[in-house]
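# Structural description and commentary
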4 protein chains.
Amino acid sequence: MKTWNVSVVGASGYTGLEAIRLLLSHPNAKLNRLYADRSAGKTMDELYPALAGCVPQTLLPMDELGNDNSDVIILGLPHGVSAEAVNNLIKAGFKGKIIDIGSDLRLKKASLYEEYFGYTHQYPELLEKFVYGLTEFYPEDIKKADYLANPGCFATAMQLAIWPLVKNKVSDDFTVTGITGSSGSGAKATNGTHFSSRFGNVSAYKVFEHQHLAEVYQSLGRVSDVKPEIHFIPVSGPFVRGIWMTIAFSCAENTDLNTLYHEAYAHSPLIRLQEGIPQLKTVVGSAYSDIGWVKKGNHAVIGVAIDNLIKGAAGQAIQNMNLMFGVAEDTGLTNPPIVL
Amino acid sequence: MKTWNVSVVGASGYTGLEAIRLLLSHPNAKLNRLYADRSAGKTMDELYPALAGCVPQTLLPMDELGNDNSDVIILGLPHGVSAEAVNNLIKAGFKGKIIDIGSDLRLKKASLYEEYFGYTHQYPELLEKFVYGLTEFYPEDIKKADYLANPGCFATAMQLAIWPLVKNKVSDDFTVTGITGSSGSGAKATNGTHFSSRFGNVSAYKVFEHQHLAEVYQSLGRVSDVKPEIHFIPVSGPFVRGIWMTIAFSCAENTDLNTLYHEAYAHSPLIRLQEGIPQLKTVVGSAYSDIGWVKKGNHAVIGVAIDNLIKGAAGQAIQNMNLMFGVAEDTGLTNPPIVL
Amino acid sequence: MKTWNVSVVGASGYTGLEAIRLLLSHPNAKLNRLYADRSAGKTMDELYPALAGCVPQTLLPMDELGNDNSDVIILGLPHGVSAEAVNNLIKAGFKGKIIDIGSDLRLKKASLYEEYFGYTHQYPELLEKFVYGLTEFYPEDIKKADYLANPGCFATAMQLAIWPLVKNKVSDDFTVTGITGSSGSGAKATNGTHFSSRFGNVSAYKVFEHQHLAEVYQSLGRVSDVKPEIHFIPVSGPFVRGIWMTIAFSCAENTDLNTLYHEAYAHSPLIRLQEGIPQLKTVVGSAYSDIGWVKKGNHAVIGVAIDNLIKGAAGQAIQNMNLMFGVAEDTGLTNPPIVL
Amino acid sequence: MKTWNVSVVGASGYTGLEAIRLLLSHPNAKLNRLYADRSAGKTMDELYPALAGCVPQTLLPMDELGNDNSDVIILGLPHGVSAEAVNNLIKAGFKGKIIDIGSDLRLKKASLYEEYFGYTHQYPELLEKFVYGLTEFYPEDIKKADYLANPGCFATAMQLAIWPLVKNKVSDDFTVTGITGSSGSGAKATNGTHFSSRFGNVSAYKVFEHQHLAEVYQSLGRVSDVKPEIHFIPVSGPFVRGIWMTIAFSCAENTDLNTLYHEAYAHSPLIRLQEGIPQLKTVVGSAYSDIGWVKKGNHAVIGVAIDNLIKGAAGQAIQNMNLMFGVAEDTGLTNPPIVL
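Residues numbered from 1 in each chain as written. Chains lettered and ligands numbered in written order. Predicted model: local features only at pLDDT ≥ 70, side-chain atom pairs only at ≥ 80, totals over all residues. Heavy atoms only, no water.

## Comments concerning the packing of helix α1 (residues 14-24) of chain D against helix α10 (residues 310-324) of chain D
All names here are of chain D. It is the contact of α1 with α10, at a shortest axis distance of 9 Å, that shows an interaxial angle of 50°. One way to sum up the angle between α1 and α10 is to call them oblique. For the pair α1 and α10, the sense of crossing is right-handed. Within the contact between the two elements, α1 uses T15, E18, A19, R21, L22 and L23 and α10 uses I310, A313, A314, G315, I318 and M321. (Axes fitted to C-alpha atoms, helices over the stretch in contact; angles between N-to-C directions. Helix = DSSP H or I, 4+ residues; strand = E, 2+ residues; numbered from the N terminus. Parallel < 35°, antiparallel > 145°, perpendicular 65-115°, else oblique. Left-handed = near helix turned anticlockwise from the far one by under 90°. Contact = heavy atoms within 4.5 Å.)

Structure, rendered in structure tokens:
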């Protein structure tokens, strides 16, 4: 059986943590080294006692990255930090593949980072080297990729729903509501993730302005000459894991959503289709994306549920890694969710 | 100071409970008798230990309603049961005012009960006798009303947002997402309110088909010749109290939402307006409705937050009662929410 | 009707917030000035949008305290800061009464601050000037007090349960488990109150070493020559408000807990007694303390539920204020909890 | 590699569901047939959409059990129903092994069912045929067993903590507080698992009288001639999965808990020991039991966290099954918890 070594950078953050957790039960990938910035020198047990006894590695400082000889490195780092780490890695002569879960390498035009993220990209020359890894849509590109930029969580859910509609010119105007759990905001304690304010609460943020729209527009632009308009209302929900999204639009009365989605995802083992809007918990803890729909007359709504840390981050990274190493895309990812 | 007696029917259900709780601190209304069906003979303490020592009355059986001589009776009863109780009450010669929190008397056309609720209304002759009590829009009708049908929770939130838009012909097509807490499903244990399935979960139900649309269309039809189309996605959220709703629509780029809403609610003491979408918890436990908005180009979203049991049920019943008895509509309703 | 002016210091913190919220519906106390440190210059609306329109005052900086002429000042400040503010206030010639919700002035011996809190008390001469305000036990002292130190939240729950047992020499050894909500940790975002780690979680902290034991031992020492031993396990629970505590102990088989507690609280309007252990939610949002018990053979457990921000902090401050100003202790505090 | 077939009876309930979920990723056990009572004829997808695509079997009616030829049958059935199903199975000549997750076959004396459960056991002759499966304590018995009675969830947590103490005569009097999630109450909607009453709430039930004490006393009676007294306070917590338990007791001041527990669990791969009380979430979703302690002077508290559906039910059933089929006890059970 083919095996390969994987190192994880940013092991103390939530996406790094989730990559490690998923790699522990992957049949082909062997967890090699772990890196962190401020948590270097600690073990995963110390950071996350839930992992006690499961991860023997001690976290290495970032400056040891230069002599890593893994077959692939997965990075889960904050805005800006990620591109720098990738740049250093390549400069240091790293020979393996690179998968960046962060947002620094998803967009092709550096100017979009100014527009959507509000900062000047320091390594614009890297952008063209990275393949955008929405697994279901770009499998051939991904199989050939050495450097991969993993999609954002909201961007993943949104594209899974909208792509078949845009490709088939069903609509070009979408009202999207996406509710995300607190784990999407990362491990650092902030007012937005304070238990006392989030518990039993619902709130919106960055309405019509979420930065994930940049990659969605970029990616959908490759599908069709339809230029869709997406009105996106991001919502913070009172739960930890998962994204639950609805996409509402007008369409011709005879649109056959059932056929459309079944054709689109006929070869996608981690997409589960259903009539009716899926519930959030049907995917939490798993790599599955559940997609369903309701249509009435000339109006319809698509529902998508994903685990933001799995299909929305570390799980899709591993799905992409699988293709990059020539194994089935769902290798190590077929466990059902924890259900309750 | 003017005072009046109030009896509550359906005291063991959540809306009855909430009416009782609010009446306890009302300066003019005096809680008189409480009625229940299966819980007759019990005290409120036994049903809700949280009320221990606060409500001395024992619950009376429904058949004692005939000799009630309160100034007003508030009913919080299930579908179908409510109209029958009202009919019996009127037949028994009850002289006071009647406020029905249920849905049986909200619609003017009996046929709409078949279409939206799936049952044949047994007392169609009652329908024209009841004034529809969305306080902010029909204060003059309500002041003169003897019999009042209190609006539904989703219907209240939806109209508070849409009414100013339809009246001013801003748009006629709305995509509405409304997330409600478990208390909206009542006190009876069901699969939909099972803790193990609802906790950490989000799900949709009755998509495009919620029965509250009937009263919304009926009520908005009185405002303007615009016939709005409302695409409503009702959502069950993992919290107990509150409705958080967004209403998305296209509009002329120069639409001035700020002026529009401030004009609409200039005389509404329980409506709080803000720039930006309100959070859910800013109203929970209070009679306030928080409304805000975001507009970008020719697309906008209105956010509304209400407590489903207060403004969405018992609180609006009391707001209406206040007008029916000639006191300020916010009497006994100005306490701020519990905040945390 | 007797009225008096109240200023609140530390208005941006949770206990200050709660004091303000409760004062808004107090019939005698008039909210005068609000003070804060970093939030000076802001309004309560800005800090807590839930209060929009309810609190007109702008927060003043701490250095304006010197010219406050309220009848009473309530302070909700962190460890150490509180004693300094009180000292400045007295030095500046403040003529009114002072109620400190913090822990700086609860203990009589300065050395206990070293032992239990780990810091050297800077104003030991203040300690003897403050009356310890566990309302139910020291009403006569409190009525005469000018300066009052409000008890801690766990300390309040614990004493309400244990006091009658120690006084009647029922037992001198107690195993106590107290579960508290996240609001007990204050408004600042920390790892312990991060939603992603606290949601669905339960954890213990400061086992056998919680600082509230100091004031409990001090206070119980005034009741009887029994020197009780309390083994206290503080627990963080996945909810925002409330403390739910059990106190287990051995006792003579014929101990009559019912009589004992009814005698102890015969004149306490905010204590509610019951057979069986109370639930947490029966008090949340109210000033009530619910106490119940189960006894089997020679072993028993007492259960206590309080709202940590009300009876455990701001509500008891107001209960004490009532006695200090000669009105009934439950004035403004009798509203039932929000139930659901 | 050794493989065997497993059928699951009671597949629609939570423990059956969990057994199925765990068996899906077991390397040796092959999921054979599934049985249910009222849900017969349905698929697992229909009952639990989270499992969509993961479990092909349709649920068979109970009366098809007679011709099952699996190597082992795992039963997750309610009180009383279980013993009857087992009796029928044996009478029908079933040749394989039987693992009952329910409580019907745990006690050796039929009279204890009257005393602790309140019903008359109908098949007392079965009781001696079943081995009590607390894996860590009875591995040799379990390896030889054909018929196994799986321990209760609270009973498992309690024994893991108390066993080493009783065996080493550290104490004979324990005050135990165990907080359980809603999944412990099963799939049926009841008042106790109503979201509106359980959310944000904490409550006690069956104080000093929980039926799991019967099996704990029976099992501990085999270890030592110390007759321990256990004062158990069962608590319902506002979360779905897990049991978090503290065990408080007095002990000699020089008791070395560290050595004691490390010796007791030196050969137990699924027990994780730590200094300090474990958090609940460190085990949720995994088969691990986390155990830790705090000692001060002559008083100590042990903390235990287990997933009530895994180590407390289906996971321990599989751990026992592993021993019964001669493979390592942690086979298929080493995945770490989901962490967040």
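## Quick look at the side chain of H299(C)
By the element assignment, H299(C) lies in strand β14 (residues 299-306). Owing to a relative accessible area of 5%, H299(C) belongs among the buried residues under this scheme. Leaving out residues up to four positions away in the same chain, H299(C) has contacts with A248(C), F249(C), S250(C), V294(C), T175(D), F208(D) and H231(D). (Buried < 20%, exposed > 50% of the residue type's maximum accessible area, 1.4 Å probe, protein only.)

## Re helix α3 (residues 81-91) of chain A
Residue and element names in this part refer to chain A. For α3, every residue scored as buried is listed here: S82, A83, A85, V86, N87 and L89. The secondary structure elements touched by the buried residues of α3 are β4 (72-75) and β5 (97-100). G93 lies just past α3 and shows a positive phi near 85°.

## Focus: the relation of the copies chain B and chain D
Expressed as a screw transformation, the operator carrying chain B onto chain D has a rotation angle of 180° and an axial translation of 0.0 Å, and the superposed copies differ by an RMSD of 0.0 Å. Taken together, the rotation and translation relating the two chain copies correspond to the operation of a two-fold axis. Among all C-alpha atoms of chain B, that of F195(B) lies closest to the rotation axis, at 2.1 Å. Mapped onto chain D, 100% of the interface residues of chain B again fall at the interface, so both copies present the same surface. (Least-squares fit on C-alpha atoms with pLDDT ≥ 70 in both.)

## Quick notes on the relation of the copies chain B and chain A
The transformation that overlays chain B on chain A combines an axial shift of 0.0 Å with a rotation of 180°, and the residual RMSD is 0.0 Å. Taken as a fraction of all interface residues of chain B, those also at the interface in chain A reach 100%, which identifies the copy contact as same-surface.

## Let's talk about the interface of chain B and chain D
Counting residues at the interface gives 18 residues for chain B, matched by 18 residues for chain D. A buried area of about 1400 Å², summed over both sides, lies between chain B and chain D, and 66% of it is on carbon and sulfur atoms. Summed over the three residues of chain B that lose the most area to chain D, namely H194(B), F195(B) and S196(B), the buried surface amounts to 44% of that side. Counting every contact that joins chain B to chain D gives zero salt bridges. Looking at the side of chain B that touches chain D, the element that brings in the most residues is helix α7 (residues 195-198) of chain B, giving three residues. For the side of chain B that touches chain D, the per-class residue count stands at eight nonpolar, eight polar and two charged. (Buried area = accessible area lost by both parts, 1.4 Å probe. Salt bridge = Lys/Arg side-chain N within 4 Å of Asp/Glu carboxyl O. Nonpolar A, V, L, I, M, F, W, Y, C, P; charged D, E, K, R; others polar.)

## Things to note about the sheet that holds strand β5 (residues 97-100) of chain B
Residues and elements named next belong to chain B. Spatially, seven strands are ordered β3-β2-β1-β4-β5-β7-β6 in an open sheet, and the strand pairing comes out parallel. Two strands lie at the open edges of the sheet, namely β3 (60-61) and β6 (131-132), each paired on one side alone. Contacts from helix α1 (residues 14-23) reach β1 (4-9), β2 (29-36) and β4 (72-75) within the one sheet, and its direction differs from that of β1 by about 155°. (Pairing = 2+ DSSP bridges.)

## Digging into the packing of aromatic side chains
All names here are of chain A. Tallying each qualifying case throughout the model produces 64 aromatic pairs over all chains. The ring of F325 has K97 sitting right over it, with the charged end atom 5.7 Å from the ring centre. The positively charged end of R272 is found above the aromatic ring belonging to Y288, 4.3 Å away from the centroid. (Phe/Tyr/Trp six-rings, centres within 6.5 Å; stacked < 30°, edge-to-face > 60°. Lys NZ or Arg CZ within 6 Å of the ring centre and 35° of its normal.)

## A few points about unusual backbone geometry
Despite not being glycine, V339(B) shows a phi value in the positive range, around 70°. Note on V339(B): relative accessible area 10%, which makes it buried. With a phi close to 50°, K169(D) is a non-glycine residue in the positive phi region. Note that K169(D) resides in the loop between α6 (153-167) and β8 (173-180). Classification of K169(D) as exposed rests on a relative accessible area of 51%.

## A look at the nonpolar core
It is characteristic of soluble globular proteins that their nonpolar side chains tend to be buried jointly. One finds M321(A), M321(B), M321(C) and M321(D) to be the most contacted residues of the largest nonpolar core, which totals 418 residues. Residue contacts for M321(C): discarding those within four places in its chain leaves W4(C), V6(C), L23(C), H26(C), A29(C), V72(C), I74(C) and I99(C). V9(A), I73(A), F117(A) and L126(A) belong to the second largest nonpolar core, which has 25 residues in total. (Core = buried A, V, L, I, M, F, W, Y, C linked by side-chain atoms within 4.5 Å.)

## Side note on the interface of chain B and chain A
Each partner contributes residues to the interface: chain B has 34 residues there, and chain A has 34 residues. A combined buried area of about 2900 Å² lies between chain B and chain A, and 68% of that area is made up of carbon and sulfur atoms. Area buried by chain B at its contact with chain A is led by V202(B), F208(B) and K281(B), which between them contribute 20% of it. Inspection of the chain B/chain A interface yields two salt bridges.

## What about the pattern of salt bridges?
What the rule picks out here adds up to 48 salt bridges over all chains. Residue K97(B) pairs with D146(B) through a salt bridge whose shortest N-O separation is 3.1 Å. You can see K97(B) sitting in strand β5 and its partner D146(B) sitting in the loop between α5 (139-144) and β7 (147-149), a full 49 residues away along the chain. Classification of D146(B) by relative accessible area gives partly exposed; the value is 45%. In this structure, the salt-bridge partner of E18(D) is R241(D), at a minimum N-O distance of 2.5 Å. Taken together, the residues E18(D) in helix α1 and R241(D) in the loop between β10 (229-236) and β11 (243-250) connect sequence positions 223 residues apart.

## A look at the side chain of D100(A)
The topology assignment puts D100(A) in strand β5. Buried charged residue D100(A) carries no salt bridge. Nearest counter-charge: R106(A), at 6.6 Å. (Lys, Arg positive; Asp, Glu negative; His and termini not counted.)

## Points about the sheet that holds strand β9 (residues 203-204) of chain A
Residue and element names in this part refer to chain A. As summarised here, the arrangement of the seven strands in space is β9-β10-β8-β11-β14-β13-β12, forming an open sheet in which the pairing is mixed. Looking at the sheet topology across the chains shown, the edges are occupied by β9 and β12 (271-275). Of the strand pairs in this sheet, strand β8 (residues 173-180) and strand β10 (residues 229-236) are connected by eight bridges, and their pairing is parallel. Of the residues in β10, the one forming a bridge with F174 is I230. Contacting β8, β10, β11 (243-250), β12, β13 (289-296) and β14 (299-306), helix α6 (residues 153-167) runs over the sheet at an angle of about 30° to β11.

## A few points about the pairing of strand β10 (residues 229-236) of chain B
Residues and elements named next belong to chain B. Of all eight residues in β10, seven are buried, a share of seventy percent or more. In this structure, strand β9 (residues 203-204) lies alongside β10, joined through two bridges in antiparallel fashion. Note that in β10 the partner of S203 across the bridge is S236.

## Section: the confidence of the model for chain A
In the predicted model, chain A carries a mean pLDDT of 97, and the fraction of residues at 70 or more is 100%. Among the scores for the predicted complex, ipTM is 0.96 and pTM is 0.98. (pLDDT = per-residue confidence, 0-100.)

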